[in-house]
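# Working through the structure, step by step
Chain by chain, the residues:
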Amino acid sequence: MFSQVRQWGEFVKFSHTVFALPFALAAMVVAARDTNGWPGWRTFGLILVAMVCARTCAMAFNRIVDRGFDAANPRTAMRHLPAGRISLISASVLCATAAAGLVVASYFLNSVCFYLSPVALFIICFYSLTKRFTDYTHVFLGVALALAPIGAWLAVRGAAIAPLEWLAAIVLAVAVVFWLIGFDIIYALQDYEFDRRQGLRSLVVAWGPKNALQGAFLSHMFMWGLLLLFGLLCRFRVAYLIGLIIILLSLLLEHWLARRRGLNWINTAFFRLNALISAIFLVVTVTEVVFHGGFRLQ
C-alpha cells in the first residue's frame, strides 16, 4: 500500500505542492487578520483539501495530455504513463475525482468559491495545452498558480473583501505569476533541444537559453518588488523585511546556479531554492500577522 501511495504521489509530483501551498496559506493568514490569522479548523481544512485537489487535477491532466511528448523525450520517458506503471483510465479517474473534490470543498467554503470553482478548473487545466500554440506558456502556468492565494483569500472572506484587501491580494497574485515565469523558464532549459525539434513552444525556444535566462532574472526582480509592495500594503515590518532579504539572496543564488553550474544543477535551483522562498514567505507573513512586527503578540 505504501508503495502505491508513493507511486501516485510521484505521478502528480505531490512534493511540488510546497510551491503554491505556502502562498495560499499566507493569503489565508492575512485575510484572517482580524482573528489573529486563524480562520478556524473548518476553513483551514477545506482550503487544504481544495488546494490538494486542484493541484492533483492539474498535474494529472498535464500528464494525460502530454503522455505522447513524455514518451518521446528521454528525460521523461520513464514517467508513469509512458512507462506503463499507471494506466490511462486510472489517471483519468484520479483527474476527475480531484476536480470533483475541488468543487465539493468550494461548496462547503462559500458561494463565491463554489461559483468560481469551474473557472479555476478550466484555468489550471488549460495551461497544459498552451505549449502547442503560444510562447508564453509560462504566463498561463503562473496565472494557474496565482489562483492559490486568491482562492484562499476568497475562502476566508467570501464577497466581503475591502478594496485595499483586493489590491493586496492582486499584488500577491501577480507576484506569484512573475515568480513562476522566472523559475519555469529555468526548468524549461532542460528540454530546449527536444521542444525545438518537436515544435513545442516556450520563451526558451523563442528567445534562446541566454535571452530567456535574462527574462527569467527580470521576472524574479519584478516578483521581489511586488512582494515588497505587498508588505507595504499590509503594513508589515521587521520580520517581513528580513524575509525579503533572504528571498532576494535565494533568487540570486538560483540564477547563479542556472548560469554557472549547468543543467545538472537545474533541479537544485528549481526545487530546493523555490521551496525555500515560498516557505520563508509563509513564515515571515505568519510572524507579522500573529506577532506585530515579529516582536509582540497582537
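Now for a quick tour of the structure. (Residues numbered from 1 in each chain as written. Predicted model: local features only at pLDDT ≥ 70, side-chain atom pairs only at ≥ 80, totals over all residues. Heavy atoms only, no water.)

### A short note on the overall build of the protein
Along its length, the protein carries 14 helices and two strands. Whereas a compact globule of 298 residues would reach a radius of gyration of roughly 19 Å, the protein reaches 19 Å, a difference of no more than 12%. Its C-alpha atoms give the protein principal-axis dimensions of roughly 55 × 45 × 35 Å. Sorting the 298 residues of the protein into buried and exposed places 51% on the buried side. As displayed, the protein has an accessible area near 14,000 Å², and 70% of this comes from carbon and sulfur atoms. (Helix = DSSP H or I, 4+ residues; strand = E, 2+ residues; numbered from the N terminus. Rg over C-alpha atoms; globule rule 2.2 N^0.38 Å. Buried < 20%, exposed > 50% of the residue type's maximum accessible area, 1.4 Å probe, protein only. Areas by Shrake-Rupley, 256 points an atom, 1.4 Å probe, with all protein chains shown as cover.)

### Side note on the pattern of salt bridges
Scanning the entire structure with this criterion turns up seven salt bridges. Two residues, Asp66 and Lys131, come together in a salt bridge whose shortest N-O distance is 2.9 Å. Pair noted here: Asp66 is in the loop between helix H3 (41–65) and helix H4 (67–72) and Lys131 is in the loop between helix H7 (111–130) and helix H8 (137–157), with a separation of 65 residues, a long-range link. Note on Asp66: relative accessible area 3%, which makes it buried. Here Lys131 falls in the buried class, since its relative accessible area comes to 19%. For the salt bridge of Arg132 with Asp66, the shortest nitrogen-to-oxygen distance reads 3.0 Å. With Arg132 in the loop between H7 and H8 and Asp66 in the loop between H3 and H4, the pair connects residues that are 66 residues apart, well separated along the chain. Here the salt bridges share partners, and the residues they tie into one network are Asp66, Lys131 and Arg132. (Salt bridge = Lys/Arg side-chain N within 4 Å of Asp/Glu carboxyl O.)

### Some thoughts on a nonpolar patch on the surface
Judged by side-chain polarity, Leu241, Ile245, Leu249 and Leu252 come together as a nonpolar surface patch covering roughly 370 Å² of accessible area. Tracing the chain through its elements places Ile245 in helix H13 (residues 238–260). Looking at Ile245, the relative accessible area reads 46%, which means it is partly exposed. (Patch = residues over 30% accessible without salt bridge, like charges linked within 9 Å, V, L, I, M, F, W, Y side chains within 5 Å.)

### Here's the deal with the nonpolar core
Across soluble globular proteins, nonpolar side chains show a tendency to be buried alongside one another. Counting residues in each nonpolar core, the largest one holds 88 residues, and the members touching the most others are Trp153, Trp179, Leu227, Phe230, Tyr240 and Phe281. The element that contributes the greatest number of residues to this core is helix H9 (residues 163–188), accounting for 15 residues. (Core = buried A, V, L, I, M, F, W, Y, C linked by side-chain atoms within 4.5 Å.)

### Some words on the state of the cysteines
This model, assessed by the stated rule, comprises zero disulfides. Looking at Cys57, it has no disulfide partner, and the nearest cysteine sulfur is the one in Cys125, 3.8 Å off. According to the relative accessible area criterion, Cys57 is buried, its value standing at 2%. Among the cysteines around Cys95, which has no disulfide bond, Cys57 carries the closest sulfur, lying 3.9 Å off. Residue classification places Cys95 among the buried positions, given a relative accessible area of 10%. (Disulfide = S-S within 2.5 Å.)

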